[in-house]
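# A look at the structure
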Amino acid sequence: MGEQTEPGKRRLGVMGGTFDPIHHGHLVAASEVAAQFHLDEVVFVPTGQPWQKSHRAVSPAEDRYLMTVIATASNPQFSVSRIDIDRGGPTYTTDTLRELRNLNENADLFFITGADALAQILTWRDTEELFSLAHFIGVTRPGHILANPGLPEDRVSFVEVPALAISSSDCRARVAQGEPVWYLVPDGVVRYIDKRKLYRHDG
Ligand SMILES: Nc1ncnc2c1ncn2[C@@H]1O[C@H](COP(=O)(O)OP(=O)(O)OP(=O)(O)O)[C@@H](O)[C@H]1O
Ligand SMILES: O=C(O)c1ccc[n+]([C@@H]2O[C@H](COP(=O)([O-])O)[C@@H](O)[C@H]2O)c1
């Protein structure tokens with residue numbers, strides 16, 4: 001399934017997100033797309049400064065990066081990149097994909113994101129260049145309908161993943177209210193949130 005790749009070329013998935021915190025919805029989505037699109041690897045790229053989330057405080061990049069490393073460590077197909085964090089400034093996916101293309105000349109890139117985020121892609125920076133850099137895969141999340149809001153059909157696919165009604169916002173709210181996030185996020189991430197006192201009003 002998905003775009004044809006020339007023989008010998010790697011198929012590299014790129015899962016961009018703020019990951020504040022990373023949760024099982026992200027992991028299931030990456031795993032399902034990797035299987036359906038025959039990806040060789042999925043690299044998770046935590047945002048540096050997510051400029052469209054400037055209305056709320058985002059946890060320190062190092063905490064979001066470390067939670068992403070903890071969550072993906074056991075899967076040999078998953079890796080984590082610091083490029084968006086180390087570049088500094090607001091995170092634009094054109095920069096992410098340009099840098100990854102230069103680092104992986106012999107690979108086709110598949111950018112994985114929520115179908116809801118993909119519906120907003122025309123508000124991202126340099127949209128036209130984006131579609132020349134990667135194939136875009138929008139994964140469904142419960143409550144969001146699959147639709148192609150005028151995007152180039154040959155550069156965009158939508159994939160249904162097993163429904164997981166988990167969001168980072170809900171995880172943060174649960175921790176703030178003293179409710180458990182066990183089994184919504186990986187065990188190591190629960191312990192990291194606790195150790196660093198993230199998302200607590202007194203944290
Ligand atoms: N349960 C889920 N199933 C499928 N995709 C998801 C799910 N949760 C998040 N995503 C997608 O993963 C990408 C990165 O997500 P992000 O880090 O912003 O998490 P989030 O749960 O959407 O966060 P928040 O609730 O803070 O907005 C986004 O494109 C988002 O749409
Ligand atoms: O390039 C942009 O202008 C742009 C605007 C909004 C979001 N993105 C990317 O979309 C991905 C999901 O974003 P978010 O904010 O839902 O975590 C993440 O990799 C962001 O860097 C990119």
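Located above this text is the structure these notes cover.
Note that the structure is a prediction, hence the values are computed from the model and not measured.

This paragraph deals with the sheet that holds strand β5 (residues 135–139). Here six strands make up an open sheet; going across it, the order is β3-β2-β1-β4-β5-β6 and the pairing parallel. Looking at strand neighbours, the two that pair on one side only are β3 (78–80) and β6 (156–159), the edges of this open sheet. Taken over all neighbouring pairs, the strand axes of this sheet differ in orientation by 25° on average, direction set aside. As paired elements, strand β1 (residues 10–17) and strand β2 (residues 41–46) share six bridges and run parallel to each other. Note that in β2 the partner of Leu 12 across the bridge is Glu 41.

Regarding helix α7 (residues 168–176), the residues found buried are Ser 168, Cys 171 and Val 175. Relative to the axis of α7, the buried residues are bounded by an arc of 60° and lie together on one face. Residues of α7 that are buried sit in contact with α8 (187–195). Just downstream of α7, Gly 178 is the residue with a positive phi angle, here 75°.

The subject of this paragraph is unusual backbone geometry. Outside of glycine, negative phi angles account for most residues, and trans bonds account for most peptide bonds. A cis amide bond links Asp 20 to the next residue, Pro 21, at an omega of 0°. Along the chain, Pro 21 falls in the loop between β1 and α1 (24–36). The backbone of Tyr 183 shows a phi angle near 75°, a positive value even though the residue is not glycine. By secondary structure assignment, the location of Tyr 183 is in the loop between α7 and α8. With 10 C-beta atoms packed within 10 Å, Tyr 183 lands in the exposed category. The backbone phi angle of Tyr 199 is positive, close to 70°, even though this residue is not glycine. Examined against the element boundaries, Tyr 199 turns out to sit in the segment after α8. The exposure class of Tyr 199 is partly exposed, given the 19 C-beta atoms found within 10 Å.

Parameters and conventions
Counting restarts for each chain, with residues numbered from 1 along the sequence as it is written. Both sets of labels track the order of writing: A upward for chains, 1 upward for ligands. Only residues with pLDDT of 70 or above have their local features reported here, since the model is predicted, and side-chain atom pairs are shown and tallied only from 80 upward, although totals for entire chains, interfaces and linings are computed over all residues. The pairing criterion for strands is at least two bridges between them, as found by DSSP. Secondary structure elements follow DSSP: runs of H or I no shorter than four residues count as helices, runs of E no shorter than two count as strands, and numbering proceeds from the N terminus. In this analysis, axes come from line fits to C-alpha atoms, helices being fitted only over the stretch in contact, and the angle between any two N-to-C directions falls in the range 0 to 180 degrees. Exposure criterion: with C-beta atoms placed from backbone coordinates, a residue whose C-beta has 20 or more other C-beta atoms within 10 Å is buried, one with 12 or fewer is exposed, and one in between is partly exposed. The arc in question is the one spanned by the directions pointing from the helix axis to the C-beta atoms. We call two residues in contact if the C-beta atoms placed from their backbones are at most 7 Å apart.

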